[in-house]
Amino acid sequence: MTSQLSSILGKLNNPAEEAYKVLRANLSFYGLIKAIKTIAITSYSPGEGKTTTSLNLSISMAKSGMKVLYVDADLRKPMLMKALGKDDFEGLSNYLSGHADLAEIIHSTDINGFYYIPCGVKPFDPTALLNNDKFDTFLKEAQEDFDMIIIDTPPLGSVIDCSIIAAKTDGVLLVIRPKKVKAKNALMIKEQLDKSNAKILGVVLNGVNQREYKEYYNSYDYYGTKRKYAKGWLKSLAGNERS
Ligand SMILES: Nc1ncnc2c1ncn2[C@@H]1O[C@H](COP(=O)(O)OP(=O)(O)OP(=O)(O)O)[C@@H](O)[C@H]1O
Ligand SMILES: [Mg+2]
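Residues numbered from 1 in each chain as written. Chains lettered and ligands numbered in written order. Predicted model: local features only at pLDDT ≥ 70, side-chain atom pairs only at ≥ 80, totals over all residues. Heavy atoms only, no water.

Engineer: Help me out: how do you make sense of the confidence of the model for the protein chain in this one?
Structural biologist: Predicted coordinates in areas of low pLDDT are best not read in detail. In this model, the protein chain carries an average pLDDT of 78, and 71% of its residues clear a pLDDT of 70 or more. In the predicted structure, residues 216-243 sits below a pLDDT of 50 and forms 55 contacts with residues beyond four places in sequence or in another chain. (pLDDT = per-residue confidence, 0-100. Contact = heavy atoms within 4.5 Å.)

Structure, rendered in structure tokens:
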């Protein structure tokens, strides 16, 4: 399994890898990495890049020397296991329902410092399972052994699972595909996260092409390269416009 995982992640090109380093560095620059140990990653709609961002940010952090745990908390859609051609792994849902210990659901990989927890068997009521005190115990236990826990969640425009998770974590990153989502929907999920007392750490604009990325890198004007799309976002997410 670990080699399969490596081959999926090995598809990253250099600019993409560099972009995840920039994301990690930005979090670090704001002094967040030291203070923050649990980050939930979400978006408004499916397919905006939550899993891609979560996995690659986790690996980028592991490569910088941290011990990182990636958690697939999208209990309705076992994407990681599907990608790996497996569907029989015990995971988060098994732990939360009291059918597995933490040690049983943590998988190591051949990437130093990078570990993951699959979502596990699809539960009858995922929201109730996440709302349970057992999720708090999970975060507490995991933090004893890991420097950073990155939690991949379902889209917030579809189900409220991420609000529940985000309220229990130190912060949330919003992944946005600028052409795909309307600013009013970004505002809607921001308000939803605010209501649940989640701390929005920043926004990852996904799907920015290589030329635009280079412009950003040369000018340090990330949003300038996508100003047409990003303007509405920045207005909507005023105060949270870090990338
Ligand atoms: N920046 C990108 N460039 C090219 N392809 C991308 C990029 N980001 C994501 N993808 C691809 O888009 C698809 C959806 O991405 P991903 O699975 O990360 O989204 P998601 O938000 O986790 O989706 P879901 O809500 O269904 O879980 C995947 O096939 C992924 O490889
Ligand atoms: Mg996903």
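Engineer: Is there a simple way to explain the site of ligand 1 in this structure?
Structural biologist: Taken together, 13 residues lie near ligand 1, and Lys 50, Thr 51, Thr 52, Lys 77 and Asn 206 sit nearest. Taking Glu 48, its main chain carries an N or O atom lying 3.2 Å from an oxygen atom of ligand 1. One nitrogen or oxygen atom from the main chain of Thr 51 is found 2.8 Å from an oxygen atom belonging to ligand 1. For ligand 1, whose unbound accessible area comes to 620 Å², protein coverage reaches 61%. Taken together, the residues of the shell around ligand 1 sort by class into two nonpolar, six polar and five charged. (Near = heavy atom within 4 Å. Polar contact = N/O pair within 3.5 Å; in protein donor to acceptor, adjacent residues only side chain to side chain. Areas by Shrake-Rupley, 256 points an atom, 1.4 Å probe, with all protein chains shown as cover. Nonpolar A, V, L, I, M, F, W, Y, C, P; charged D, E, K, R; others polar.)

Engineer: I keep staring at the sheet that holds strand E1 (residues 38-42) and nothing clicks. Help me out?
Structural biologist: Working definition: the strands of a sheet are paired by backbone hydrogen bonds and lie parallel or antiparallel to each other. Read across the sheet, seven strands follow the order E3-E4-E2-E5-E1-E6-E7 without closing on themselves; strand pairing throughout is mixed. The strands lining the two open edges of the sheet, one partner per strand, are strand E3 (107-108) and strand E7 (200-205). Those strands touched by helix H4 (residues 50-63) are E1, strand E2 (68-72), strand E4 (114-117), strand E5 (148-152), strand E6 (171-176) and E7, and its axis lies near 170 degrees from that of E5. (Pairing = 2+ DSSP bridges. Helix = DSSP H or I, 4+ residues; strand = E, 2+ residues; numbered from the N terminus. Axes fitted to C-alpha atoms, helices over the stretch in contact; angles between N-to-C directions.)

Engineer: Teacher, can you tell me more about the nonpolar core here?
Structural biologist: Soluble globular proteins tend to pack their nonpolar side chains together in the buried interior. Of all hydrophobic cores here, the largest spans 36 residues; its most connected members are Leu 92, Phe 135 and Phe 138. Those residues in contact with Phe 138 that sit more than four places away from it in its chain are Val 71, Leu 92, Tyr 95, Leu 102 and Ile 117. By size, the runner-up hydrophobic cluster in this structure holds 22 residues, among which are Ile 39, Ala 62, Ile 150 and Leu 201. (Core = buried A, V, L, I, M, F, W, Y, C linked by side-chain atoms within 4.5 Å. Buried < 20%, exposed > 50% of the residue type's maximum accessible area, 1.4 Å probe, protein only.)

Engineer: Would you mind showing me how to read helix H10 (residues 161-168) here?
Structural biologist: Given 3.6 residues per helical turn, the α-helix brings residues three or four places apart onto the same face. Taking burial as the measure, the eight residues of H10 include six buried ones, the bulk of the element. Residues Asp 161, Cys 162, Ser 163, Ile 164, Ile 165 and Ala 166 constitute the buried set of H10. On its buried face, H10 sits against E1, helix H8 (126-131), helix H9 (133-145), E5, E6 and helix H11 (183-195).

Engineer: What is the right way to look at the packing of aromatic side chains in this model?
Structural biologist: Geometry of an aromatic ring pair is reported as the spacing of the ring centres plus the angle between the planes. What the rule picks out here adds up to three aromatic pairs. Here the aromatic rings of Phe 135 and Phe 138 are separated by 5.6 Å at their centres, their planes lie at 45 degrees, and the arrangement is tilted. With Phe 135 and Phe 138 both in helix H9 and three residues apart, this pair spans about one turn of that helix. The exposure class of Phe 135 is buried, given its relative accessible area of 0%. Judged by relative accessible area, which is 0%, Phe 138 ranks as buried. Counting every residue linked through ring pairs, the aromatic cluster contains Tyr 95, Phe 135 and Phe 138. Between the NZ or CZ atom of Lys 67 and the centre of the ring of Tyr 115, over which it lies, the distance is 5.3 Å. A cation over an aromatic ring shows up here: Lys 134 above the ring of Tyr 95, its NZ or CZ 4.4 Å from the ring centre. (Phe/Tyr/Trp six-rings, centres within 6.5 Å; stacked < 30°, edge-to-face > 60°. Lys NZ or Arg CZ within 6 Å of the ring centre and 35° of its normal.)

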